[in-house]
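# Structure at a glance
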Amino acid sequence: MKRFAMICKMETILFLRDFFSAFFTLGFPALMLVMFGSIYGNEPMYPGADLGAMEASVPAYAVMVMGVTGLMAFPLTLAGYKEKKIYKRFDATPAGKGQIILAQVLVNVAMTFSGIVLLLLLGKILYHTRIQGSIGSVCVSLVICIAAMFSMGFLFTAIGRDAKITNLLCYLFYFVMLFLSGATIPDMLFPESVKSVSKFLPMTHAVDLMQGVFAGESLGSHGAELLVLGAVTILFTGGGAVLYQKKDWA
Amino acid sequence: MAEAIIQVESLNLTYRSIRAVQDVTFSVKPGEILAVIGPNGSGKTSTVECVEGLRKPDSGTVRVFGKDPWVHRNEVYRSMGVQLQETEYPSKIRVGELCRLFAGFYDRPADWNALLSQMELEEKRNRRVSKLSGGEKQRLSVLLSLMGRPKLIVMDELTTGLDPEMRRQIWVSFENIRNSGVAMVLVSHYLDEVEALADRILYLEKGTQQFFGTKQEFREYAKGRISENEWDDSFSLEKLYLLLTPKQKGISMEDIL
């Protein structure tokens, strides 16, 4: 346990030393919130709406944080370690690569929660945003959304022959989903043609689920989103695991 | 007679259709240094990676400390240190941090501060591993292989990239380590290193075992394969090896000498 804690500590330090991961997980979403909050405030999104603009933005930006860690930071670390044979080196110690990979998953998940907590605190302090849903529903949704994002990243590392291909897949899917899912631009502004593409993206369902439970809707009213995200998690993790069985780690 | 630390019998390993290792048998006893030699692509690294538990053999038996290293890898690594042929470390980690991390993997780690000064890396403690020179990285790899106070060390190209002075310093260090009863497997292209350190030699070519025995027996083996008019008793191991390997490539004596 002491050994695993030490590995986690080291992976946390390495995560924070990587400008891209640290900034886009902890800094950028918070910056977006402050920037757009200073323009729009937390006024209702449309006349008569219960939800303020920032109250809708916080859960959407939370999904953005999950995308950074699940589709960028975690898979790119995994692909890099694999290509440079760093896992192989750890395999040649009593620790083994399993503990390193587990630590990387945990650290990335912890950083995701840190980024989201930062968003919640900033929203609360600066714009008086509220979470109207139950804490239980919010937590369940967070876990399901994070699992779906990380499973996509995991599959991309398994598909990519090398780190370059994994990077390409991750960047492509991350940015397409970022802009077409409603995580950055509210989906109500999308034309119908974009909306028809958007509904096929897992991140769109994550944004819908998170915005819904934050606004006080029950998990039961988001059965479709839960089903899609659950299926993505199972299929992508399973697919990645099958592909990894065929890979040569040495 | 001391029980063998490594026991390999009829080892076979295939990568897709390529037979990388064919029917290789050898053993290593405590306090013994085995040098694995042979041309590039002869199966040296594949053979030692089976010993290291990093590759699963297709057939044959590999036992390290009496255990199958593929099955009991973590257990075996408590007493085995390795230096891999090609390896990197997380690019943003510092030398001292990496040493502390590796020290944490073992129940009774070596004093890594002393190892840092022995490897002349003391001043690089706060430097990122990615900023080290090739030779410094190589010394760091050697240092990390010693972290668990191993009873067996497997070194794949121990002194590649090191200057002659450091190579000789490492030879002396390894000679001392061997004298304390530690066994070593040394994959090397440097025959002067093999001459200086090895007790026994495993010579591979195209994945097949050509020779396994002592240095003196290797001389006898070579003598039997070199014509009398080419033979000289004073030949170094390197010259013997060069005379043996190009036979298949049609290179003449004049090309070598």
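Residues numbered from 1 in each chain as written. Chains lettered and ligands numbered in written order. Predicted model: local features only at pLDDT ≥ 70, side-chain atom pairs only at ≥ 80, totals over all residues. Heavy atoms only, no water.

### Digging into the overall build of chain B
So the rule is basically this: Helix numbers and strand numbers start at the N terminus; a helix is a DSSP run of H or I with at least 4 residues, a strand a run of E with at least 2. We call a residue buried when its accessible area falls under 20% of the maximum for its residue type, exposed when it is over 50%, and partly exposed in between, using a 1.4 Å probe and counting protein chains only. A contact between two residues is defined here by any heavy atoms of the two lying within 4.5 Å. For the accessible areas, the method is Shrake-Rupley and the probe is 1.4 Å, while residue cover comes only from the protein chains on display.
On a plain count of helices and strands, chain B comes out with ten helices and nine strands. Along the longest, intermediate and shortest principal axes, the C-alpha atoms of chain B span 55 × 40 × 40 Å. Considering chain B as a whole, with its 257 residues, one finds that 53% of them fall into the buried category. Taking all contacts inside chain B whose residues are at least 6 apart in sequence as the whole, residues at least 24 apart take part in 62%. Carbon and sulfur atoms make up 44% of the accessible area of chain B, which totals about 11700 Å².

### Observations concerning the packing of helix H8 (residues 215-223) of chain B against helix H9 (residues 237-244) of chain B
Residue and element names in this part refer to chain B. Quick note on the threshold: For helices, the fitted line uses only the C-alpha atoms of the stretch in contact; every axis is such a line through C-alpha atoms, and the angle between N-to-C directions lies from 0 to 180 degrees. Crossings are classed by handedness, with left-handed meaning an anticlockwise turn of the near helix from the far one by less than a right angle and right-handed meaning a clockwise turn. Gly counts as polar in this scheme, as do all residues outside two lists: the nonpolar Ala, Val, Leu, Ile, Met, Phe, Trp, Tyr, Cys and Pro, and the charged Asp, Glu, Lys and Arg.
Running from amino to carboxyl end, H8 crosses H9 at an angle of 35°, the nearest separation of the two axes being 10 Å. When you trace H8 past H9, the crossing you get is left-handed. The residues of H9 that touch H8, namely those facing Lys215, Phe218, Arg219, Tyr221 and Ala222, are Leu237, Leu240 and Leu244. For the contact of H8 with H9, the class distribution of residues is six nonpolar, no polar and two charged.

### Thoughts on helix H6 (residues 164-179) of chain B
Residues and elements named next belong to chain B. The cut-off we apply is this: Here a helix's expected span is defined as the number of its residues, less one, multiplied by 1.5 Å.
Look at H6: 23 Å from first C-alpha to last across 16 residues, which is about the 22 Å you get at 1.5 Å a residue. For H6, every residue scored as buried is listed here: Met166, Arg167, Ile170, Trp171, Ser173, Phe174 and Arg178. Its buried side turned inward, H6 meets strand E3 (33-37), helix H4 (112-118), helix H5 (134-145), strand E6 (152-156), strand E7 (183-187) and helix H7 (191-197). Looking one or two residues beyond H6, the residue adopting positive phi is glycine 181, at roughly 100°.

### Here's the deal with the pattern of salt bridges
Applied cut-off: We count a salt bridge whenever a side-chain nitrogen from Lys or Arg sits within 4 Å of a carboxyl oxygen from Asp or Glu.
Taken as a whole and judged by the stated rule, the model has 17 salt bridges over all chains. The shortest N-O distance in the salt bridge between glutamate 55 of chain A and arginine 130 of chain A comes to 2.6 Å. Placement of the pair is glutamate 55 of chain A in helix H3 (residues 53-83) and arginine 130 of chain A in the loop between helix H5 (96-127) and helix H6 (135-159), with a sequence separation of 75 residues. Overall, the relative accessible area of 4% leaves glutamate 55 of chain A in the buried class. A salt bridge links lysine 88 of chain A to glutamate 49 of chain B; the shortest N-O distance between them is 2.4 Å. Residue lysine 88 of chain A is found in helix H4 (residues 86-91), and its partner glutamate 49 of chain B is found in helix H1 (residues 44-51); the two belong to separate chains.

### A look at the interface of chain B and chain A
As a reminder of what qualifies: Here the buried area means the combined drop in accessible surface, using a 1.4 Å probe, for two parts upon being joined, counting both sides. For this analysis, a polar contact is any N or O atom pair within 3.5 Å, provided that within protein one partner can donate a hydrogen and the other can accept it, and provided that sequence-adjacent residues contribute only side-chain to side-chain pairs.
Chain B puts 28 residues into the contact, and the matching count from chain A is 22 residues. Of the roughly 2500 Å² buried at the junction of chain B and chain A (both faces included), carbon and sulfur atoms supply 61%. Counting across the chain B and chain A interface gives four salt bridges. The salt bridge involving lysine 92 of chain B is made with aspartate 18 of chain A; its shortest N-O contact spans 3.7 Å. Where chain B meets chain A, there are six residue pairs in polar contact (both at pLDDT 80 or more). Of all the elements in the fold, those that place two or more residues in the side of chain B that touches chain A are helix H2 (73-76), helix H3 (95-103) and H5 of chain B. Among the elements that take part in the side of chain B that touches chain A, H3 of chain B stands out by supplying four residues, more than any other. For the side of chain B that touches chain A, the per-class residue count stands at twelve nonpolar, five polar and eleven charged.

### A word on the environment of isoleucine 125 of chain A
Residues and elements named next belong to chain A. Looking at the element boundaries, isoleucine 125 is found in helix H5. Under the relative-accessibility criterion, isoleucine 125 is labelled exposed at 60%. Separated by 23 residues in the primary sequence, isoleucine 125 and alanine 148 have C-alpha atoms spaced 30 Å apart.

### Structural notes on the nonpolar core
Spelled out, the test is: Nonpolar core, defined: a set of buried Ala, Val, Leu, Ile, Met, Phe, Trp, Tyr and Cys residues in which side-chain atoms within 4.5 Å join the residues together.
One finds Cys99, Leu140, Leu143, Leu144, Met147 and Phe174 of chain B to be the most contacted residues of the largest nonpolar core, which totals 102 residues. With 18 residues, H3 of chain A is the largest single contributor of residues to this core. Those residues in contact with leucine 144 of chain B that sit more than four places away from it in its chain are Arg89 of chain A together with Tyr89, Leu98, Cys99 and Phe102 of chain B. Ranked by size, the runner-up nonpolar core spans 31 residues in total, among them Ala92 of chain A together with Ile6, Val51 and Tyr77 of chain B.

So yeah, pure geometry; function would need other evidence.
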